[in-house]
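# Coordinate inspection notes
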Amino acid sequence: MTHPMDPALSPQTCAAETQEGGRKPTCKAFTVLKLCELAYREITKTPLYYPEGQLDEAPLREHLFAQKCEPCLRWYRNALRTYQRLQRAGKLPAPSPQPASVLVPAPEVRPFEPVDRPVALLSMSGSNSGEVFYSAGSVEQANGLDGLRLVLTCRRTEVRSSENPHGWELTLEYPLQDNDPALLREFDDCLARFRVRAQSDETQQREVRLGLVDAGLVSSPFALARLDPWKLQAICLLSRPTSDARP
Ligand SMILES: [Zn+2]
């Protein structure tokens with residue numbers, strides 16, 4: 001490394017000064033060169049003779065600042081002053097700025113794309129029973145709720161209304177036994193909007209709240225209205241689930 005070095009602080013001088021009978025000896029715990037190195041690093045924030053990582057600064061600092069070794073401190077301070085002077089004269093590198101905190105690119109937020117998940121009637125649905133089960137197909141490369149195994153349960157209730165004349169309700173269930181519990185927990189108490197489609201192409205949309213129970217993550221039931229519970233075809237999550245506070 002070439003740089004303008006005060007003759008008083010050249011390695012040759014440093015070495016000579018540590019010899020017996022030197023003009024200003026150190027205590028010999030450390031060479032003058034090391035004291036100069038530390039001072040140089042203090043001023044320029046860059047190494048001088050010792051490559052980065054090849055000078056253990058801790059014992060040196062301990063010797064100077066904790067033990068306050070006077071002969072060594074004198075060398076150190078002289079070196080500091082010299083390097084400051086050289087730096088002011090533009091002969092030494094200016095201290096490099098603190099490394100900027102590494103810029104972490106913001107995670108890519110892809111626009112949410114609703115995808116229809118076709119549903120398949122499960123054979124355990126008895127033709128006369130008040131319950132009909134479907135399993136939703138997986139979505140390729142899906143994450144979030146669309147990446148989880150999903151079962152749809154249609155249940156006949158006695159609650160009839162003009163909006164839901166047959167009383168069928170649909171509950172969505174992400175079973176604990178088929179899904180990563182940690183992922184299920186992420187959506188506990190979230191609101192999610194779904195659209196169910198039947199073979200007739202009629203659809204029903206509803207925002208439901210998802211909650212974690214023993215069996216898994218389940219939705220509040222919603223009315224199937226005029227959809228035929230035996231002829232469901234697809235379910236679609238319409239937007240990212242949100243964890244808005246309950247009104
Ligand atoms: Zn010393």
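Worth saying up front: this structure is predicted, and the values here are computed from it rather than measured.

A tally of helices and strands in the protein yields 5 helices and 9 strands. Going residue by residue from the N terminus, the α and β elements of the protein occur as α-α-α-α-β-β-β-β-α-β-β-β-β-β. Relative to its full complement of 247 residues, the protein shows a buried share of 23%. Put simply, of all contacts in the protein between residues at least 6 apart along the chain, 59% involve residues at least 24 apart.

Attention now goes to the environment of Tyr76. Note on placement: Tyr76 falls in helix H4 (residues 70-88). The class for Tyr76 is buried, based on 25 C-beta atoms found within 10 Å. Spatially, the C-alpha atom of Tyr76 lies 5.4 Å from that of Leu35, the residues being 41 residues apart in sequence.

Quick look at the packing of helix H2 (residues 32-44) against H4 now. At a minimum axis separation of 8 Å, H2 and H4 run at an interaxial angle of 40°. One element, H2, and the other, H4, form an angle in the oblique class. Between H2 and H4 lies a crossing of right-handed hand. Contact with H2, carried on its side by Val32, Leu35, Cys36, Leu38, Ala39, Tyr40, Glu42, Ile43 and Thr44, involves Cys72, Trp75, Tyr76, Ala79, Leu80, Tyr83, Gln84 and Gln87 of H4 and no other residues of that element. Looking at the contact of H2 with H4 residue by residue, the class counts come to 13 nonpolar, 3 polar and 1 charged.

We now examine the pairing of strand S5 (residues 191-198). As defined by bridge partners, S5 adjoins strand S6 (residues 203-213) across 7 bridges and the pair is classed as antiparallel. Paired with Arg195 across the two strands is Gln205, which belongs to S6. Linkage of S5 to S6, two consecutive antiparallel strands, is achieved through a turn of 4 residues, within which Asp201 is found at a positive phi near 75°. Judged from the 5 bridges that link them, S5 and strand S9 (residues 232-237) form a sheet pairing that is antiparallel. Each bridged residue has a counterpart across the sheet, and for Val196 the counterpart in S9 is Ile235.

What counts, and where the lines are drawn
Residues numbered from 1 in each chain as written. Predicted model: local features only at pLDDT ≥ 70, side-chain atom pairs only at ≥ 80, totals over all residues. Helix = DSSP H or I, 4+ residues; strand = E, 2+ residues; numbered from the N terminus. Buried ≥ 20, exposed ≤ 12 C-beta atoms within 10 Å, placed from the backbone. Contact = placed C-beta atoms within 7 Å. Axes fitted to C-alpha atoms, helices over the stretch in contact; angles between N-to-C directions. Parallel < 35°, antiparallel > 145°, perpendicular 65-115°, else oblique. Left-handed = near helix turned anticlockwise from the far one by under 90°. Nonpolar A, V, L, I, M, F, W, Y, C, P; charged D, E, K, R; others polar. Pairing = 2+ DSSP bridges.

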